[in-house]
Amino acid sequence: MNTLSAGASPVTVKRFRIEGLSCASCVRRAENAMAEVDGVTSASVNLATETAEVSLQPGVDFSSIVNAVERAGYGVPASHLDIGIEGMTCASCVRRVEQAIAAVPGVSKVAVNLATESASIDLMSDEARSGVEEAIRKSGYSPVLRSEGAAASDAHEKAKATELRSLKRDFTLAAIFTLPIFILEMGSHFIPGMHAWLMGIADRSTLYIVYFVLATIVQFGPGLRFYRKGFPALMRFAPDMNSLVMLGSTAAWAYSVVATFAPGVLPSGTVNVYFEASAVIVTLILLGRLLEARAKGRTGEAIKRLMGLRAKSARVERDGNFVEVPLEEVVVGDRLQVRPGDKVPVDGLVESGSSYVDEAMISGEPVPVSKSEGDDVIGGTINKTGSFVYRATKVGSDTVLAQIIRMVENAQGAKLPIQAVVDRVTAWFVPAVMIVAALTFIIWLLFGPNPALAFALVNAVAVLIIACPCAMGLATPTSIMVGTGRAAQLGVLFRNGEALQSLRNTSVVAFDKTGTLTLGRPALTDFIVQDGFDRAEVLSLVASAEAMSEHPVADAVVEAAQTANLALRMVVEFDAVPGFGIAATVGGHRLHVGADRYMHKQGIEIGKASTAAETLASDAKTPLYAAVDGRLAAVIAVADPIKESTPRAIAALHALGLEVAMITGDNRHTAQAIAAKLGIDRVEAEVLPEGKVEALKRLRRQAGPVSFVGDGINDAPALAEADVGIAIGTGTDVAIESADVVLMAGDVTGVANAIGLSQATMKNIRQNLFWAFAYNVSLIPVAAGVLYPATGTLLSPMLAAGAMALSSVFVLGNALRLKRFQAPLPARITGQGAVTAANARAAEASA
């Protein structure tokens, strides 16, 4: 850490790289830009090394320096480091490590997570990596570099399993040696005749020596872990949870040692032993740590399950044969064979064969999806009955599964804005508890009843032991871990933790229409045949003619005919009339298909059919006419059909008390018709792609925070502008990268699920924080003895240890309730299968 002294205020020096420098003028411009930032005392740039050095006063956010450099036209390259941190036990540890890492030159942003025992760090220079590790060590903790992949995950899991075994061993040992002291000492007070029986078989001094031996084994055997971490922290003037336990248990043990072996140095009436207190404190704290470790393991089950989806090996084509190879050896372009029951190893494109693939673990979709030549398959999904060969397109960290895991890990490691309050409190919490304990001791010693020294010791120890910064440190991250993990199971991915908090504040959910509320492609919705004509015959003729056209409406008619298993016929003549329609000769019949003006131009009478066409148009459909041999044969309607799940999704959002808006390029009449049909509250119609951002700004001014749901490349700016951007997972990569939340199932019902889960998670966090703060605020004064003058109530250090141990377990248990969160709406079939099904239903409905 580079810290200088400028008068009374310490100055921190940061060094980092700058990109885009080309001459001395660039140097001057960059230096001036940084110097203008409030709190910067000096700034210098080196053109040869392309590095900058700035001196900052306390409180200056390094991101303001980066913004200044970028505004000047240059770049500050950042690399990301995820590093494990062993030894953290409470919120004070988190605060201490964050401050140490943030002070390393080249670190621009850091977030430490107690639940995942890791730090997420943005670095401005490669040299900062070693500085980060050193800063963690100097803070009294152990850095653990984590690489990507299953091997790193396995290593981390093994380390956690070893720690759990160590806690089980220490707790068991402590309990074995504590139980005799507890039974004998407490039994003497509460079981009639037991005290006399004890004094009959051993005198008091012999009994105290037995207690001493048992308590010392507990104190410096299982309890040694508190000294190893708590004492160095105390020596650095940075006490933590371990320091409090160490001081409290040591005070009780040491006082008892003096009372046993040198009673004469204590005032008359104060020769009491508290070996049972010191031993029970250590044992109960170890029990709390053990329960906490088990619960913390359960909070990360979602990530473990995702990791478990990875295949271990793959059948890859080598020299014309398919052979089993480790997954790590698969490269892009390899041909892979998947047999019934196999996991799909990596992402790819099917080249031959067909099957049904269970994608539930990726998208939340419960129904297996049909796969055949040309279809995409996703690594980690499970093949069902068939067999197929496909070519690998993405491997390793580029696969969909790896990206999902990375998104969930990033969201779980993020800090929500609400955590800032906790950080400010925990910065002074442990030192404040030590001061309160010292004041408690002094006040009881000076003003307490006899024996004052005994009262002072017991109450001071109770204060040290009952304080629980652990609960405050775990309150937010554990809820985030469980909430985002449950979201992943439902096919909802939060790409950052902030979205989890922001989403619950949403007032309006705005949808892009095409491809989001609708299927995104025209489909034949109505085919009204006139008297004297056969439906199948006319549809076959029209589809045969439309097959020659490149218009999207033509594709919808052809697909409907194919779905009805109608054969397409030979077209002899074909003529497309722009703005009117088409004319063709098919199977000896002269055919005209187009708008009403085309019929009028051809002299074809449409009569009462115009009424049906107007009705269709009012329902946001595009009506067309088909004439065979000069006679009107059918009225055709084509539309971009509403997704089956859309009405349910909008109803669910209304049930959550939210307004729903639609942004579309359609004319206002069509847009209003769709909105009325779906119950949409607000409509932004005739909006060009580049106008979506302005439409969102209008909605925000009118109704408050806006979440936007989209799927296309042209939705990316709107997704970035919205308070929360939600991308449909079946949409474009650009849209997904611009969004805060991704719906993997491609189903808009996921929007209500995401908002419902956000609300449940934030409610859970508030409950945890209330408990953590209320527990400490209410019980620390009780432990200090404030109730004694009025009620004579004092809190035993043993009860304090039990309460403290259970406090963290309560927070973790409450967070785990989120695993039972029930989605407001289950996902339904989406994608190509849904399009085909919708077209089939449309064709049947108009039969």
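By convention here, each chain's residues receive numbers from 1 onward along its written sequence. A pLDDT threshold of at least 70 governs which residues receive local features in this predicted model, and a stricter bar of 80 or more applies before side-chain atom pairs are shown or counted, although totals over entire chains, interfaces and linings include all residues. Hydrogens and waters are ignored; side-chain quantities use all the structure's heavy atoms.

## Here we look at the pairing of strand β9 (residues 313–318)
Filter applied, for reference: For two strands to count as paired, DSSP must find a minimum of two bridges between them. A run of H or I in DSSP becomes a helix once it reaches four residues, and a run of E becomes a strand once it reaches two; helices and strands are each numbered from the N terminus.
In this sheet, strand β10 (residues 321–326) lies alongside β9 in antiparallel orientation, the contact comprising six bridges. Within the sheet, the bridge partner assigned to E317 lies in β10 and is F322. Counted between consecutive antiparallel strands, the loop separating β9 from β10 contains two residues, among which D319 sits at a positive phi close to 55°. Both β9 and strand β11 (residues 335–338) contribute to a ladder of two bridges, which runs antiparallel. Within the sheet, the bridge partner assigned to V316 lies in β11 and is L336.

## Some details on the packing of aromatic side chains
For clarity, the threshold we go by: By convention, a stacked pair of Phe, Tyr or Trp rings (six-membered ring in the case of Trp) has centres within 6.5 Å and planes under 30 degrees apart, an edge-to-face pair has planes over 60 apart, and any other such pair is tilted. Only protein chains enter the accessibility calculation, which uses a 1.4 Å probe. A residue is then buried if its area is under 20% of the maximum for its type, exposed if over 50%, and partly exposed in between. Placement of a positive charge over a ring is assigned whenever Lys NZ or Arg CZ falls within 6 Å of the ring centre and within 35 degrees of the normal to the ring plane.
This model, assessed by the stated rule, comprises 14 aromatic pairs. Between F388 and Y390, the ring centres sit 6.0 Å apart and the planes meet at 50°, which makes this aromatic pair tilted. Like F388, the residue Y390 is buried in the burial classification. Through successive ring pairs, a cluster of aromatic residues spans F212, F220, Y227, W253, F261 and F275. Over the aromatic face of F580 sits the side chain of R597, whose NZ or CZ is 5.7 Å from the ring centroid. The aromatic ring of F580 is capped on one face by K601, whose charged end is 4.6 Å from the ring centroid.

## Observations regarding the sheet that holds strand β8 (residues 142–145)
Threshold: Orientation is described by lines fitted to C-alpha atoms, with helices fitted over the stretch in contact, and by angles between N-to-C directions that extend from 0 to 180 degrees. Contact criterion: two residues are considered in contact whenever any of their non-hydrogen atoms come within 4.5 Å of each other.
Read from one edge of the open sheet, four strands run β6-β7-β5-β8, paired in antiparallel fashion. Of all the strands in the sheet, the pair left with one neighbour each is β6 (107–113) and β8. Sheet twist, expressed as the mean angle between neighbouring strand axes with direction ignored, is 30°. Across six bridges, the pairing between β6 and strand β7 (residues 118–123) is antiparallel. Its bridge partner lying in β7, A111 is registered against S120. Relative to β6, helix α3 (residues 91–102) is tilted by about 165°, and along the sheet it contacts β5 (79–86), β6 and β7.

## A few points about the environment of R521
Inspection of the secondary structure puts R521 in the loop between α18 (513–517) and β19 (523–529). Spatially, the C-alpha atom of R521 lies 7.8 Å from that of P552, the residues being 31 residues apart in sequence.

## Let's talk about helix α15 (residues 452–466)
Short version of the rule: How far a helix is expected to stretch is found by multiplying one less than its residue total by 1.5 Å.
Here α15 is 15 residues long and its end C-alpha atoms lie 21 Å apart, about the 21 Å a rise of 1.5 Å per residue gives. Within α15, 14 of the 15 residues are buried, leaving the element largely enclosed by the surrounding structure.

## Some words on the confidence of the model for the protein chain
In low-pLDDT regions, the fine details of the predicted coordinates are not to be read closely. Applicable threshold: Per-residue confidence from the predictor is given as pLDDT, running between 0 and 100.
Across the protein chain, the average pLDDT comes to 81, with 87% of residues at 70 or higher. Per-residue pLDDT stays below 50 along residues 1–8; that stretch engages in 16 contacts with residues further than four places along the chain or on separate chains. Across residues 827–847, where pLDDT falls below 50, the model places 34 contacts with residues more than four positions away in sequence or in other chains.

## Digging into the packing of α15 against helix α30 (residues 797–816)
Our working definition: When an angle is under 35 degrees it counts as roughly parallel; over 145 it counts as roughly antiparallel; between 65 and 115 it counts as roughly perpendicular; any other value is oblique. In this count, Pro and Cys sit with the nonpolar residues alongside Ala, Val, Leu, Ile, Met, Phe, Trp and Tyr, while Asp, Glu, Lys and Arg are called charged and the others, Gly among them, polar.
Between α15 and α30, whose axes approach to 8 Å, the crossing angle comes to 5°. Considered as vectors, α15 and α30 are oriented roughly parallel to each other. In contact with V458, V461, A462, I465 and I466 of α15, α30 contributes P797, A800, A801, A803 and M804. Per-class residue counts for the contact of α15 with α30 are ten nonpolar, no polar and no charged.

## Some remarks on the environment of T791
Put simply, the rule reads: Think of a polar contact as two N or O atoms within 3.5 Å of one another; within protein, one of them needs to be a possible hydrogen donor and the other a possible acceptor, and neighboring residues in sequence only count if both atoms come from side chains.
Positionally, T791 belongs in helix α29 (residues 788–791). Only 2.9 Å separates the side chain of T791 from the side chain of T793, close enough to count as a polar contact.

## Side note on the pairing of β19
The buried fraction of β19 is high, at five of seven residues. Pairing of β19 with strand β24 (residues 631–639), which is carried by six bridges, proceeds in the antiparallel orientation. Residue pairing for β24: D526 is matched across the bridge by A637.

## What about the sheet that holds strand β21 (residues 581–586)?
Backbone hydrogen bonds hold the strands of a sheet together, and the pairing may be parallel or antiparallel. If you trace the six strands from one edge of the open sheet to the other, you get β19-β24-β23-β22-β21-β20, paired in antiparallel fashion. Only two strands of the sheet have a single neighbouring strand rather than two, namely β19 and β20 (571–577). Put simply, the sheet's adjacent strands are angled 20° from each other on average, direction ignored. Note: β20 against β21, six bridges, orientation antiparallel. Note that in β21 the partner of F574 across the bridge is A584. Helix α19 (residues 535–546) rests against β19, β20, β21, β22 (589–594), β23 (622–628) and β24 of the sheet, and its axis sits at about 75° to β22. Strands β19, β23 and β24 of the sheet are contacted by helix α22 (residues 609–618), whose axis makes an angle of about 150° with β23.

## A few points about a positive patch on the surface
Stated precisely, the cut-off is as follows: Residues forming no salt bridge and having over 30% relative accessible area are the ones grouped into patches, like charges within 9 Å of each other and nonpolar side chains (Val, Leu, Ile, Met, Phe, Trp, Tyr) within 5 Å. Using a 1.4 Å probe, accessible areas were evaluated by the Shrake-Rupley method; residue-level cover was limited to the displayed protein chains. We count a salt bridge whenever a side-chain nitrogen from Lys or Arg sits within 4 Å of a carboxyl oxygen from Asp or Glu. For the charge count, each Lys or Arg is scored as positive and each Asp or Glu as negative, with His and the chain ends excluded. Here the site of a charge means atom NZ of a Lys, CZ of an Arg, CG of an Asp or CD of a Glu.
Together, R504, K763, R766, R817 and R820 line one region of the surface with positive charge. In this structure, R766 sits in helix α28 (residues 749–784). Its relative accessible area of 40% is what places R766 among the partly exposed residues.

## Details of unusual backbone geometry
Cis geometry is found at the peptide bond from N450 to P451, where omega equals -5°. As for its placement among the helices and strands, P451 is situated in the loop between α14 (419–447) and α15. Not every positive phi belongs to a glycine, and N565 is a case in point at roughly 60°. Mapping N565 onto the fold places it in the loop between α20 (552–563) and β20. Despite not being glycine, D629 shows a phi value in the positive range, around 55°. Along the polypeptide, D629 turns up in the loop between β23 and β24. Among the residues examined, D629 registers a relative accessible area of 43% and is labelled partly exposed.

## What to know about the pattern of salt bridges
In this structure the tally under the stated criterion is 19 salt bridges. Where D342 meets R339, a salt bridge forms, and the shortest distance between an N and an O atom there is 3.5 Å. R339 gets classed as partly exposed once you look at its relative accessible area, which sits at 37%.

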